[in-house]
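Structure at a glance
Single-letter residue listing:
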Amino acid sequence: MAQLPENLLRRSAEARAKADGRPFEVVMAEMKGEAPPAGAAAAAPAAAAAAPVAAAGGPVRDLDAESAKFGVRRTLLERGMFARARKDGTAVPAMAGAVAAAAPAAGQAAPAAVGGPPPVSGPPPGVRTQRLLTVVKAGAIQGTTREPQDKVNVWPHLLAIEFVALLVMLALLTLMSAFIDAPLLEFANFNEQPNPSKAPWYFLGLQELLAYFDPQVAGVLLPTFGMIALMFIPYVDRNPSVRPSDRKLAIAIFTVFFMASSILTIFGSFFRGPGFNFVFPWRDGIFFDDLKTLLE
Amino acid sequence: MADENGKGGVLTAVKGMGSHLRNSQVWNSIFRPGSPARADSGDTPRNRAYVVMNNVLYHLHPVKVKRHGVKLSYTLCLGGLSFFLFILLTVTGIFLMFYYRPTSPAAYFDLQALATDVAFGQLVRNMHRWGAHLMVITVFLHMTRVFYHGAYKPPREFNWVVGIILLLLTLLLSFTGYLLPWDQLALWAVTVGSNMGAYAPVFGEQVSFILVGGVQITADTLLRFYVLHVLFLPFVITIFMAVHFWRVRKDGGISGPL
Ligand code: HEM
């Protein structure tokens, strides 16, 4: 049994003595597993009353009573008693009450309880023994809040897919570039505005809006508002679900805007001719210079 | 050397050299443990993890991802393809920079010369132009797929905002590049585009003035757009991409499953 350092023992003995209203020496002696001083028996009526006189004349300890009184398990008291006896080479005090059924080691406790010589059965020299101090209930030191997930290795599973996607994209782009040249029209001429003049295709939806609204609205307010609205989507949409069936409204609104901007872009690209007037591409021709080289 | 023995001898010699190389210190200093290029790494689960973890790839990918995330049908690879197109545009763009001067009238004639005088010049220019159009499309579609998956919901709200900034930067990159050929298409498309900006209520005219470098497009605008296109915007978009990719991982990897 691990020996408590004297100063700690002293401190706890003092505290206990104060709590129980008993003399310090008695408590200290008890804690050390020694016999209480002679005069202490009278001062500790409870302990004295409970302690029958031993036939052998030695001190008798009623471990059950002590255990109940100090809130220390009987087995621990017994162990302390045996250890002390072994260390000091003295006889184990006689015990009142039942022989502990749960004595630490039955083979060791039995002879001791009947007053036999203390067995010298410590661990062989050089062997460190461990004592179970306490059992902590199972539970991770770090709380894991995430459910285990079905995962796969990035290599090879994801990297292979990415590599194939990359090759396919590279092949498509190379093929397209081999057959369709990028347009290069006449030299820039500040004095000759082509008719129609169209913005790059991704702005043609906006240019199309210019045909319906004031430039302040179509050219500025709508795109600015659109960008800000896009940025605020995550903060406006408070619905936590990602299931499509739970977010019918969000999907409907987004789809309307997506379709509208696509249609406006296609319209501005293919259905607008000279003067940005309406044309049918199949009747009047296509006025879309981004694809000029493809269409010629 | 044409007989069977001779061929076998050469093959063995080549094989021997190969294995000698793959066991050499130089080779092993290049490929870190776990790499399939190394002679000592078999295809074990641990080495599969090492391929990513012991590699610069670890900056982009975790060791493992959710199984549904690798399904092509989930991301459609659109974010990845946007990134790949950006890389491709950088490479082809650097090539173009060797032959292009952002002055009038040199810019226009440099592009003409590219088509006739430079090996693969026209092909690379085509790839740069179509790649740019494609990137606008893939970024836009990527945004759409993210929306339909609700992948902008907590904790990914801010990455959506970063994404919108990336979309804006992509459009700006494309728009500034549009002027560089210095032909009629470039000049007037950009004129129409920047006139729209000038209508902005408060600072519209000032912003337009700064961007264009004057009240109307001139050769100065060309230089301005060039610097924005080859230096400033790529620099900024690279930073935002880094934040974007980092957030994808920190926000718990790919979203879903639905
Ligand atoms: C230059 C443009 C962009 C690049 C290179 C890029 C790249 C990527 C990549 C590689 C991913 C990983 C998943 C995937 O491939 O789908 C991703 C995810 C994501 N992106 Fe982008 N992106 C860009 C623009 C945008 C835009 C415009 C938005 C939205 C407005 C956006 C929002 C997101 C969000 C919210 C995620 C997380 C998705 C999830 O977890 O399912 N990104 N991005």
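Residues numbered from 1 in each chain as written. Chains lettered and ligands numbered in written order. Predicted model: local features only at pLDDT ≥ 70, side-chain atom pairs only at ≥ 80, totals over all residues. Heavy atoms only, no water.

Topic: the overall build of chain B
Regarding its fold elements, chain B presents 11 helices and 1 strand. When the helices and strands of chain B are listed from N to C terminus, the series reads α-α-α-β-α-α-α-α-α-α-α-α. What you see for chain B is a C-alpha radius of gyration of 25 Å, clearly larger than the 18 Å of a compact globule of 258 residues, by over 25%. For chain B, the spread of C-alpha atoms along the three principal axes comes to 75 × 55 × 30 Å. Going through the 258 residues of chain B one by one, you find that 47% of them count as buried. Within chain B, counting contacts between residues at least 6 apart in sequence, those at least 24 apart form 64% of the total. When the accessible area of chain B is evaluated, it comes to approximately 13,300 Å², of which 70% is carbon and sulfur surface. Positive and negative side-chain charges of chain B, numbering 21 and 11 respectively, have mean locations separated by a distance of 14 Å. (Helix = DSSP H or I, 4+ residues; strand = E, 2+ residues; numbered from the N terminus. Rg over C-alpha atoms; globule rule 2.2 N^0.38 Å. Buried < 20%, exposed > 50% of the residue type's maximum accessible area, 1.4 Å probe, protein only. Contact = heavy atoms within 4.5 Å. Areas by Shrake-Rupley, 256 points an atom, 1.4 Å probe, with all protein chains shown as cover. Lys, Arg positive; Asp, Glu negative; His and termini not counted. Charge placed at Lys NZ, Arg CZ, Asp CG, Glu CD.)

Side note on helix α5 (residues 78-97) of chain B
Taking 1.5 Å as the rise per residue, α5(B) with 20 residues should run 28 Å; its terminal C-alpha atoms sit 28 Å apart, in good agreement. Within α5(B), the full set of buried residues consists of Leu78(B), Leu81(B), Ser82(B), Phe84(B), Leu85(B), Phe86(B), Leu88(B), Leu89(B), Thr92(B), Gly93(B) and Leu96(B). The inward-facing, buried residues of α5(B) contact α8 (154-179) of chain A together with α4 (72-75), α6 (106-117), α7 (121-148), α8 (157-179) and α11 (219-250) of chain B. (Expected span 1.5 Å × (residues − 1).)

A look at the site of the ligand
Residues and elements named next belong to chain B. Close to the ligand lie 27 residues; His142, Arg145, Gly163, His244 and Ser255 are nearest. Within the backbone of Gly79, a nitrogen or oxygen atom sits 3.4 Å from an oxygen atom of the ligand. At 3.2 Å from an oxygen atom of the ligand is found a side-chain nitrogen or oxygen belonging to Arg156. Secondary structure elements with two or more residues in the shell around the ligand: α5, α7, α8 and α11. (Near = heavy atom within 4 Å. Polar contact = N/O pair within 3.5 Å; in protein donor to acceptor, adjacent residues only side chain to side chain.)

Some thoughts on the coordination of the iron atom of the ligand
Residue and element names in this part refer to chain B. At 2.0 to 2.1 Å from the iron atom of the ligand lie its protein donor atoms, namely His142 (NE2) and His244 (NE2). The coordination sphere of the iron atom of the ligand comprises 6 donor atoms, whose angles at the metal cover 85 to 179°; the geometry is octahedral. Of this pair, His142 sits in helix α7 while His244 sits in helix α11; the two residues are 102 residues apart in sequence, bridging distant segments of the chain. Judged by relative accessible area, His244 falls into the buried class, the value being 12%. (Donors = N, O, S within 2.8 Å, 3.2 Å for Na, K, Ca; no water. Tetrahedral: all angles 85-135°; square planar, octahedral: opposite > 155°, others 65-115°.)

Quick notes on the nonpolar core
General note: in soluble globular proteins, nonpolar side chains tend to be found buried as a group. Among the nonpolar cores identified, the biggest contains 37 residues, and Met135(B), Met143(B), Phe147(B), Trp160(B) and Ile237(B) are the most heavily contacted of them. Among the secondary structure elements, those contributing two or more residues to this core are α8, α10 (215-236) and α11 (248-270) of chain A together with α5, α7, α8 and α11 of chain B. With 7 residues, α7(B) is the largest single contributor of residues to this core. Setting aside anything within four residues of it in sequence, one finds Met135(B) in contact with Ser82(B), Leu85(B), Phe86(B), Leu89(B), Thr170(B) and Met241(B). Listed in part, the 36 residues of the second largest apolar core include Leu185(A), Leu204(A), Tyr178(B) and Val192(B). (Core = buried A, V, L, I, M, F, W, Y, C linked by side-chain atoms within 4.5 Å.)

Topic: the confidence of the model for chain A
Across chain A, the average pLDDT comes to 80, with 79% of residues at or above 70. Confidence over residues 39-56 of chain A falls short of pLDDT 50; this stretch has 15 contacts with residues more than four positions distant or in other chains. (pLDDT = per-residue confidence, 0-100.)

Looking at a nonpolar patch on the surface
On the surface, Ile228(A), Phe232(A), Tyr235(A), Val236(A), Phe158(B), Phe235(B), Ile239(B) and Val243(B) cluster together into a nonpolar patch covering about 760 Å² of accessible area. Elements represented by at least two residues in the nonpolar patch include exactly α10 of chain A together with α11 of chain B. Along the chain, Phe158(B) falls in helix α8. (Patch = residues over 30% accessible without salt bridge, like charges linked within 9 Å, V, L, I, M, F, W, Y side chains within 5 Å. Salt bridge = Lys/Arg side-chain N within 4 Å of Asp/Glu carboxyl O.)

Quick word on the domain arrangement of chain B
One can read the domain layout of chain B as domain 1 (7-59) and domain 2 (72-250). Summarising the inter-unit geometry, the C-alpha centres of domain 1 of chain B and domain 2 of chain B are found 39 Å apart. (Domains from an automatic or database assignment.)

Describing the interface of chain B and chain A
Counting residues at the interface gives 79 residues for chain B, matched by 73 residues for chain A. Interface area for chain B against chain A, summed over the two sides, is near 7,300 Å², with a carbon-plus-sulfur share of 73%. A per-residue breakdown of the area chain B buries against chain A is headed by Trp130(B), Gln184(B) and Met196(B), which together make up 11% of the total. There are 3 salt bridges connecting chain B and chain A. A salt bridge links Asp237(A) to Lys153(B); its shortest N-O distance comes to 3.3 Å. Counting the contacts that link chain B with chain A gives 32 residue pairs in polar contact (both at pLDDT 80 or more). (Buried area = accessible area lost by both parts, 1.4 Å probe.)

So, the side chain of Arg156(B)
Residue and element names in this part refer to chain B. Mapped onto the elements, Arg156 comes out in the loop between α7 and α8. For the buried Arg156, no salt bridge is present, and the opposite-charge side chain at shortest range is Asp251, 5.4 Å distant. For Arg156, the side chain forms a polar contact with the main-chain oxygen of Asp251, separated by 3.2 Å.

Considerations on the packing of α7(B) against α8(B)
All names here are of chain B. Two elements in contact, α7 and α8, have axes whose closest approach is 10 Å; the angle formed by their N-to-C orientations is 160°. Between α7 and α8, the angle is such that the two are roughly antiparallel. Remark: the crossing between α7 and α8 carries left-handed chirality. Residues Arg129, His133, Met135, Val136, Val139, Met143, Val146 and Phe147 of α7 form the contact with α8, whose own contacting residues are Trp160, Ile164, Leu167, Thr170, Leu171, Ser174 and Tyr178. The class makeup of the residues in the contact of α7 with α8 is 11 nonpolar, 3 polar and 1 charged. (Axes fitted to C-alpha atoms, helices over the stretch in contact; angles between N-to-C directions. Parallel < 35°, antiparallel > 145°, perpendicular 65-115°, else oblique. Left-handed = near helix turned anticlockwise from the far one by under 90°. Nonpolar A, V, L, I, M, F, W, Y, C, P; charged D, E, K, R; others polar.)

A word on the packing of aromatic side chains
Following the criterion strictly, the structure yields 27 aromatic pairs over all chains and no others. The interplanar angle of 85° and the centroid separation of 5.3 Å between the aromatic rings of Phe187(A) and Tyr108(B) together place this pair among those described as edge-to-face. Taken together, the residues span two chains, with Phe187(A) in the loop between α8 and α9 (204-210) and Tyr108(B) in helix α6. Considering the side-chain rings of Phe267(A) and Phe271(A), the 5.2 Å spacing of their centres and the 15° angle between planes classify their relative orientation as stacked. Put simply, the rings of Phe254(A), Phe258(A), Phe140(B), Phe147(B), Tyr148(B), Tyr152(B) and Trp160(B) touch in pairs and so form one group of aromatic residues. (Phe/Tyr/Trp six-rings, centres within 6.5 Å; stacked < 30°, edge-to-face > 60°.)

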